[in-house]
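# Secondary and tertiary structure notes
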Amino acid sequence: MNFLRGVMGGQSAGPQPSGADTVQKLCDRVASSTLLEDRRDAVRALKSLSKKYRLEVGSQAMEHLINVLQMDRSDSEIIGYALDTLYNLISNDAEEEEPAEGSEEENVQKSSSDDLEMQFTEIFIKHQENLTLLLSLLEGFEFHVRWPAVKLLTALLKNLGPQVQQIILVCPLAVSRMMDLLADSREVIRNDGLLLLQQLTKGNAAIQKIVAFENAFERLLDIITEEGMSDGGIVVEDCLLLLLNLMKNNSSNQNFFKEGSYIQRMKPWFEVAEGNSSWSAQKVTNLHLMLQLVRVLVSPVNPPGATSSCQKSAFQCGLLQQLCTILMATGVPADILTETINTVSEVIRGSQVNQDYFASVNAPSNPPRPAIVVLLMSMVNERQPFVLRCAVLYCFQCFLYKNQKGQAEIVATLLPATIDANSISAGQLLCGGLFSPDSLSNWCAAVALAHALQDNSIQKEQLLRVQLATSLGNPPVSLLQQCTNILSQGSKVQTRVGLLMLLSTWMTNCPIAVTHFLHNQTNVPFLTAQISENLGEEEQLVQGLCALLLGICIYYNDNSLENYTKEKLKQLIEKRIGKEIFIEKLAYISKHELYSRAGQKPQPSYSTPEQMLFDHEFTKLVKELEVLITKAVQKSSEDEKKEEEVKKSLEQHDSIVSQYKELIREQDTQLNELKKQVTALTNQNEQSQTTITQQASQIQQLKDQYNLLKIQGKPLDSHHHIHNEAAQINGIQPKADVEEIGRLQEELEELKKQHAILEGQLTEKESIIEKLRTNQTTGSKDTEVCMDNTGDPTTERHKELETLRTLVQTQAAEISQLQSKKQELENQPATMTGAGSGDVDNASALTRITQLENRLSALDDENQKLKGQVKGLTEEKNSLDQQLTSVNSTVVILQTDKSKLQQELMESKKEQDDLLVLLADQDQKIFTLRNKLKELGEPVEDEDDMESGDQDDDDDDEDDLN
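This text gives an overview of the structure that appears in the document. From a predicted model like this one, the values you see are computed outputs, not experimental measurements.

All right, on to the pattern of salt bridges then. Applying the stated criterion across every chain yields a total of 22 salt bridges. Taking the shortest distance from any N to any O, the salt bridge between Asp184 and Arg146 comes out at 2.7 Å. A residue pair is termed long-range when its members are at least 10 positions apart, and Asp184 in the loop between helix H10 (174-179) and helix H11 (187-200) and Arg146 in helix H8 (residues 143-159) qualify at 38 residues. As far as burial versus exposure is concerned, Asp184 and Arg146 are alike and both buried. Here Lys620 and Glu617 are joined by a salt bridge, their closest N and O atoms 3.3 Å apart. Residue Lys620 and its partner Glu617 are located together in helix H35 (residues 616-634), separated by three residues, close to a single helical turn. A residue is classified by how much of its surface remains accessible, and Glu617, at 10% relative accessible area, is buried. Through salt bridges with shared partners, a single ionic network connects Arg40, Asp75 and Glu77.

Set out below in structure tokens:
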């Protein structure tokens, strides 16, 4: 203790030691002292010096402090002092008195402080076991250990986050220990645990997934609810920031959040009292983060399936309805209202159910107005904040995205039959904004109207019917013509860009609109004049869009106007502008800085109104049209004719393919029916075999009874007792035999009927096979397709014939068995000794057997007929095999010829493209060399002069020849 008094300011006669000496003595004391109290006092002294002598303590004492963490874990007090000291070294929260603001000393000291933080952090995490040791300290419950450990870990992650994250990933149970901090009953540890998890989850998807599966969503939502949701304090803000870290750009966690039914728990967050004016700054921040969290789930950059699933959940749980309530509420701050509009936009984007619901929302006004109309009124009002107007435009775009029903409803409000003079409609607001003196309103209205026409040719044609009354006494003008009139008046660049985007979207893939545009004789000269003029940099974008519009007039031209056919417009470009200049002007659009910015995401995000020049959907349209228009302008009439011929041949080929497909479907249907019939015949055959088996057993019983009767009838003259017994058998047993014979006769009748049915089915098979044989003979080309898709149909017929042949042979064998049994009965004695009625019964039995014989003979004849039919079918099968072999060889030859022709066609196309490239390069080189000669002062003839000179030379040659 005397040592500490000397170090910490005790009076001494000698000179005072320096800070480095003091730190060195304290480090020696920590390393060498055997008493825990001495080491604890030395560490406490280092903690007090770590703020003023940061470099000295960090460079000399860090190793000793880490040893204390390892060796003295039983004493929480010294561990706490060591952790606090390390935190002071690594963190920039605790610093000395700051110098005057803005001075050079401040900047130098701040830079030096940052360097020290990074250096000490690198020293600490250089050995992975140091971080593992620090993580193990989180298991303790002592406040003086757990809290400093949390703060130290947070500081390490702030300084070198990626490196610390990689170490934490390989430490077992590291994330689980940090997640346990959220369950700590001490709020200060729980709140700092939230800050620690925020730093831990920044930019690391693997850790984000681990934290999510550690039940983070459940715990964070519970904390938000406990803290009062949007009315809560900064703890709610920290929870929301952590949720954003976990789900932003992490589709796995987003899906986990949705499947865990956590979207439903977000609905109470947005229950805002009507007319509530007590919006604290913290509440605004909390609600803003909550809205951002919803947008993360339904962001357009997410996978489409995940976004649509979250949109569906938002509608089903009532979250969308709650957001629309905030949208129409009064007293909502402007920034919250703007973010709510953006959130509703992405919840309904591309979801038909959500878009239909949004279309039905009405504002609480008298009379009620649709929410869309109220929002559009804000968009075209130049007094509204710029960000709010951008949000409304985005909302309108999302409402119309892939929503043809909504597009039709918007366009319908512009048509004469649906205009209501007593109410304001969306179409009227858009037209009002389109012709407003405010250029931003012009641009927003033009883009909004373009989205009502996006990928909807029906509405493009419907919009051509719109007529506008420009002034009293003048005839009405179409909307298309009014747009071109405003263009020609030389308005602001933003207005002209918006109108050109509207016209380009309108006329794309709509030849009727192109015809209407070209019908006005002033439109094409205006476009060519705009493109050919040498204007400033600001006007180059307008020139590029004019070139795009003129290119659309060429590509989608149906040649219905004689003066403005495709060929004449291309000749006009070549004479007035030049193909190279035209293509250069067209390419300027995609090179513009704001074009690239607009193409990144659907939401318009600009800092100033002047930057709003491009729309996201329009950038995608330009990418498609630029290539098409460039090719269309560069192609000659011969190339177009060849392309048309190729298109016609392709269409013919498609029709042939369609015919083949239809034939294949028909043959597949026939094959399926035949298979079903074969299955039914197989089942009937099995039933017939069962019936014949039963009949055979009954015949065998009859035979046994007859033999017994025969044996018992021989010794009638021997003994009277035997005679009586024989008489008993002759009088009674033959009656049973007669009954058996009757049943056998009935069963044979049924068998005969079944044979008749089989014969009819066989006849149907013959007709079907004959029909298929005819198709095989007359449609050799179709056989190839059929063989490729359904297999060999003749093989199926063979199988069916074999089945029938087997059935007939089986029945013939059974009939033969019956005949042999009948013969056995005939070979037996024709008369039996008997008396009285017994002889008569035997004679009756023999008579019935004779009848049975006749019927069996008839069945035998029918069997012979079936064999003959099978033989005929076999011959037809052999003929079909030969025809199929011939057809297959023809198909192979045709396929070989087809492959050769396709290969030759591809080679010729490739050679033609190479020649075109070489010719273009040659022309460019000649043009460059001619310009260089002109610059050098050499006399160079123009192409026209050279051509005329060549013609003169040719004429002279002809004269000489004459």
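A cluster of nonpolar side chains, Leu169, Val170 and Ile210, forms an exposed patch at the surface whose accessible area comes to about 220 Å². By secondary structure assignment, the location of Val170 is in helix H9 (residues 161-170).

Before going further, it helps to examine the packing of aromatic side chains. Within this structure, the stated rule accounts for 10 aromatic pairs. On the basis of an interplanar angle of 35° and a centroid distance of 5.8 Å, the ring pair of Phe217 and Phe256 is categorised as tilted. Taken as a pair, Phe217 in helix H13 (residues 216-226) and Phe256 in helix H15 (residues 251-259) lie far apart in primary sequence, 39 residues in all. Given a relative accessible area of 0%, Phe217 falls into the buried group. With a centroid separation of 5.1 Å and 90° between ring planes, the pair formed by Phe217 and Phe257 is classed as edge-to-face. Residue Phe217 is located in helix H13, and its partner Phe257 is located in helix H15; the two are separated by 40 residues in the primary sequence. One exposure class covers both Phe217 and Phe257, and it is buried.

It is worth spelling out the layout of surface pockets at this point. By volume, the second largest pocket is sized at about 630 Å³. As for the second largest pocket, its lining consists of 28 residues, of which Arg295, Glu339, Glu346, Lys601 and Gln603 are closest to the centre. Counting only elements with at least two residues in the lining of the second largest pocket, the list comes to helix H16 (281-297), helix H19 (334-348) and helix H22 (386-400). Looking at the lining of the second largest pocket residue by residue, the classes come out as 12 nonpolar, 10 polar and six charged.

This part takes up helix H24 (residues 426-434). Along H24, seven of the nine residues are buried, which leaves the element largely enclosed by surrounding structure. Of the residues making up H24, those classed as buried are Ala426, Gly427, Leu429, Leu430, Cys431, Gly433 and Leu434.

Let us now look at the side chain of Ser299. Relative to the elements of secondary structure, Ser299 occurs in the loop between H16 and helix H17 (304-316). Note on Ser299: relative accessible area 15%, which makes it buried. Other than its neighbours up to four places away in sequence, Ser299 contacts Thr307 and Glu346.

Moving on, we get to unusual backbone geometry. The backbone phi angle of Asp455 is positive, close to 55°, even though this residue is not glycine. Counting through the fold element by element, Asp455 comes out in the loop between helix H25 (439-451) and helix H26 (457-463). Its identity is not glycine, yet Asn559 carries a phi of approximately 60°, on the positive side. With respect to the secondary-structure elements, Asn559 resides in the loop between helix H31 (537-555) and helix H32 (566-577).

Time to look at a negative patch on the surface. On the surface, Glu904, Glu907, Glu911, Asp913 and Asp914 cluster together to form a negatively charged patch. Its place among the elements puts Glu907 in helix H40 (residues 837-935). The exposure class of Glu907 is partly exposed, given its relative accessible area of 41%.

So, how was this worked out
Residues numbered from 1 in each chain as written. Predicted model: local features only at pLDDT ≥ 70, side-chain atom pairs only at ≥ 80, totals over all residues. Heavy atoms only, no water. Salt bridge = Lys/Arg side-chain N within 4 Å of Asp/Glu carboxyl O. Helix = DSSP H or I, 4+ residues; strand = E, 2+ residues; numbered from the N terminus. Buried < 20%, exposed > 50% of the residue type's maximum accessible area, 1.4 Å probe, protein only. Patch = residues over 30% accessible without salt bridge, like charges linked within 9 Å, V, L, I, M, F, W, Y side chains within 5 Å. Areas by Shrake-Rupley, 256 points an atom, 1.4 Å probe, with all protein chains shown as cover. Phe/Tyr/Trp six-rings, centres within 6.5 Å; stacked < 30°, edge-to-face > 60°. 1 Å grid on protein atoms, 1.4 Å probe; cavity = no way out; pocket = protein on both sides within 12 Å on 5 of 7 lines; lining within 4 Å. Points joined across faces, edges and corners; volume = space filled by probe spheres on them. Nonpolar A, V, L, I, M, F, W, Y, C, P; charged D, E, K, R; others polar. Contact = heavy atoms within 4.5 Å. Lys, Arg positive; Asp, Glu negative; His and termini not counted. Charge placed at Lys NZ, Arg CZ, Asp CG, Glu CD.

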